[in-house]
Amino acid sequence: MKEYTEYIRSFVALAIDAKIQKEIGCVQEQLIKSAQKTACRVSWVKPETIHLTVKFLGDIPLSEVKAILNALQTAAQGISAFALQIEGLGVFPSQRNPRVIWVGISEGIESLRVMQPRVEQELAALGFPREKKKFNPHLTLGRIRSSEGAAALGEVLSTIPHPVFSRSIIQDIRLMKSDLRPTGAVYTELGRIPLT
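Below or above, wherever it landed, is the structure these notes cover. (Residues numbered from 1 in each chain as written. Predicted model: local features only at pLDDT ≥ 70, side-chain atom pairs only at ≥ 80, totals over all residues. Heavy atoms only, no water.)

**Some details on the environment of Leu153**
The condition that has to hold: Helix and strand definitions here come from DSSP, where helices need a minimum of 4 consecutive H or I residues and strands a minimum of 2 consecutive E residues; each element is numbered from the N-terminal end. For the exposure calls, accessible area comes from a 1.4 Å probe over protein chains only, and a residue counts as buried if that area is under 20% of its type's maximum, exposed if over 50%, partly exposed in between. Pairs of residues are marked as contacts when any of their non-hydrogen atoms sit within 4.5 Å.
Inspection of the secondary structure assignment puts Leu153 in helix 4 (residues 150-158). What makes Leu153 buried here is its relative accessible area of 0%. Apart from the residues lying within four places of it in its own chain, the contact partners of Leu153 are Ser34, Ala35, Thr38, Cys40, Val42, Ile101 and Ile144.

**Observations concerning the pattern of salt bridges**
To be explicit about the condition: Here, a salt bridge means any side-chain nitrogen of Lys or Arg that lies within 4 Å of a carboxyl oxygen of Asp or Glu.
Counted under the stated rule, the structure contains seven salt bridges. When the shortest N-O distance is used, the salt bridge between Glu120 and Lys55 registers 3.2 Å. With Glu120 in helix 3 (residues 109-124) and Lys55 in strand 3 (residues 51-61), this residue pair connects regions lying 65 residues apart in the sequence. The burial state of Glu120 is the same as that of Lys55; both residues are buried. The partner of Arg174 in a salt bridge is Asp172, with the nearest N and O atoms 2.8 Å apart. With a relative accessible area of 18%, Arg174 lands in the buried category. Salt bridges here are not isolated pairs; linked through shared partners, they connect Asp172, Arg174, Glu189 and Arg192.

**Some remarks on the packing of aromatic side chains**
Here is the rule we go by: Stacked, tilted and edge-to-face are the three classes assigned to paired rings of Phe, Tyr and Trp, where Trp is represented by its six-membered ring and a pair needs centres within 6.5 Å; plane angles under 30 degrees give stacked, over 60 edge-to-face, the rest tilted.
Considering all chains together, one arrives at two aromatic pairs under this definition. Note on Phe11 and Tyr187: the rings are 5.2 Å apart at their centroids and 80 degrees apart in plane angle, and the pair reads as edge-to-face. Here the residue Phe11 occupies a position in strand 1 (residues 7-15), and Tyr187 occupies one in strand 9 (residues 184-194), the gap between them amounting to 176 residues. On the basis of relative accessible area, Phe11 is assigned to the buried category, the value being 4%. When its relative accessible area of 27% is taken as the criterion, Tyr187 is described as partly exposed. Here Phe92 and Trp102 contribute two aromatic rings whose centre-to-centre distance is 5.3 Å and whose plane-to-plane angle is 35 degrees, an arrangement assigned as tilted. Of this pair, Phe92 sits in strand 4 (residues 82-93) while Trp102 sits in strand 5 (residues 98-107); the two residues are ten residues apart in sequence, bridging distant segments of the chain. Its relative accessible area of 23% is what places Phe92 among the partly exposed residues.

**Notes on the sheet that holds strand 2 (residues 42-44)**
Applied cut-off: By this definition, two strands are paired if DSSP reports at least two bridges between them. For helices, the fitted line uses only the C-alpha atoms of the stretch in contact; every axis is such a line through C-alpha atoms, and the angle between N-to-C directions lies from 0 to 180 degrees.
If you trace the five strands from one edge of the open sheet to the other, you get 2-6-5-4-7, paired in antiparallel fashion. For this open sheet the edge positions go to strand 2 and strand 7 (164-170), each flanked by a neighbour on one side alone. Strand after strand, the sheet turns through a mean of 30 degrees between neighbouring axes, direction not considered. Here strand 4 runs beside strand 7; their pairing, made up of five bridges, is antiparallel. Paired with Glu87 across the two strands is Val164, which belongs to strand 7.

In structure tokens form, the structure reads like this:
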């Protein structure tokens, strides 16, 4: 009899302080009002789930969780806790054709640029494909679901004053499980690796 393997959708992330999630939520409310003035449909990320994705893993066997956490432990060696300054607002890929609305990072990027390649390297050793795109650290606020009104929304977003949020102290790397539901994604922590 064939053994059943349970798969889970997962990613590696850095958690953002709840205080900053609330600050971002206040700006997001302004954005939601702005989006309503256009015909653009946006799926907004719940403020309490906003995080920084280091690497998306996709569907993994539940049995691999321990090996992934061990790999993250190796990747984190010698990396100290650090601060992220979160600020700015932008879209991918362009203002004329926005698909993702994001908040940027202006401080702590050096630590991220050390950590992220190590995570890639250790997980590549487990068989996870390396990311082809250059790592561009950001916090996703919303995903645009229709091209109708997207350019108009891009214009509106460009007029919003540059937001500056509090600094978030990053003390660990987390392996997260993602359950996609009609009400939005629900995230569950599978394990965390403390930074020194």
